[in-house]
Amino acid sequence: MNLIAMTQHTGVRWEEIGFALGAAGGALIALGNLMPFARRSGSLLGGIAIAAGFVLAIIGVHYGGLA
């Protein structure tokens, strides 16, 4: 049963958004570790962004019919 009905084009878009969010999260972790006052919050927000980004990418691959 397909819970999230999407076309292949929509799946590609979800992947693009997911990978962009993952890249932004990686940059946030890198910048957060450069500045001593933003180390914990940068790592926390960056990790959440990476996790959310790759969840979106997995949804795009699975439900978008890209596999």
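1. A closer look at the side chain of Glu15
In step 1: Among the secondary structure elements, Glu15 is positioned in helix H1 (residues 8–34).
In step 2: Buried charge without a salt bridge: Glu15, with Arg13 as the nearest opposite-charge side chain at an N-O distance of 11 Å.
In step 3: For Glu15, the residues in contact, after removing those within four places along its chain, are Ala57, Gly60, Val61 and Leu66.

2. Focus: a nonpolar patch on the surface
In step 1: A contiguous nonpolar patch, built from Leu31, Leu34, Met35 and Phe37 and spanning about 470 Å² of accessible area, is present on the exposed surface.
In step 2: Exposure remark for Met35: the relative accessible area of 35% places this residue in the partly exposed category.

3. A look at H1
In step 1: Between its terminal C-alpha atoms H1 stretches 39 Å, which fits the 39 Å expected from 27 residues at 1.5 Å a residue.
In step 2: Taken together, the buried positions of H1 are Gly11, Glu15, Gly18, Gly22, Gly25 and Gly32.
In step 3: Its buried side turned inward, H1 meets helix H2 (39–63).

4. With respect to the environment of Leu56
In step 1: Mapping Leu56 onto the fold places it in helix H2.
In step 2: Classification of Leu56 as partly exposed rests on a relative accessible area of 24%.
In step 3: Sequence-distant contacts of Leu56, defined by excluding residues within four places in its chain, comprise Trp14, Ile17, Gly18 and Leu21.

5. A look at the pattern of salt bridges
In step 1: All told, the structure shown has one salt bridge when counted by the stated rule.
In step 2: The salt bridge partner of Glu16 is Arg13, with a shortest N-O separation of 2.9 Å. Taken together, the positions of Glu16 and Arg13, both in helix H1 and three residues apart, correspond to about one turn of that helix.
In step 3: Overall, Glu16 belongs to the partly exposed group, its relative accessible area being 41%.
In step 4: Judged by relative accessible area, which is 42%, Arg13 ranks as partly exposed.

6. Quick look at the packing of H1 against H2
In step 1: Contact pair H1 / H2: the axes reach a minimum separation of 7 Å and the direction vectors enclose 165°. Compared by their axis directions, H1 and H2 come out roughly antiparallel. Helix-helix and strand crossings are classified by hand; for H1 and H2 the assignment is left-handed.
In step 2: Looking at the contact of H1 with H2 residue by residue, the class counts come to 15 nonpolar, 13 polar and two charged.

Scoring rules and cut-offs
- Residues numbered from 1 in each chain as written.
- Predicted model: local features only at pLDDT ≥ 70, side-chain atom pairs only at ≥ 80, totals over all residues.
- Heavy atoms only, no water.
- Helix = DSSP H or I, 4+ residues; strand = E, 2+ residues; numbered from the N terminus.
- Buried < 20%, exposed > 50% of the residue type's maximum accessible area, 1.4 Å probe, protein only.
- Lys, Arg positive; Asp, Glu negative; His and termini not counted.
- Salt bridge = Lys/Arg side-chain N within 4 Å of Asp/Glu carboxyl O.
- Contact = heavy atoms within 4.5 Å.
- Patch = residues over 30% accessible without salt bridge, like charges linked within 9 Å, V, L, I, M, F, W, Y side chains within 5 Å.
- Areas by Shrake-Rupley, 256 points an atom, 1.4 Å probe, with all protein chains shown as cover.
- Expected span 1.5 Å × (residues − 1).
- Axes fitted to C-alpha atoms, helices over the stretch in contact; angles between N-to-C directions.
- Parallel < 35°, antiparallel > 145°, perpendicular 65-115°, else oblique.
- Left-handed = near helix turned anticlockwise from the far one by under 90°.
- Nonpolar A, V, L, I, M, F, W, Y, C, P; charged D, E, K, R; others polar.

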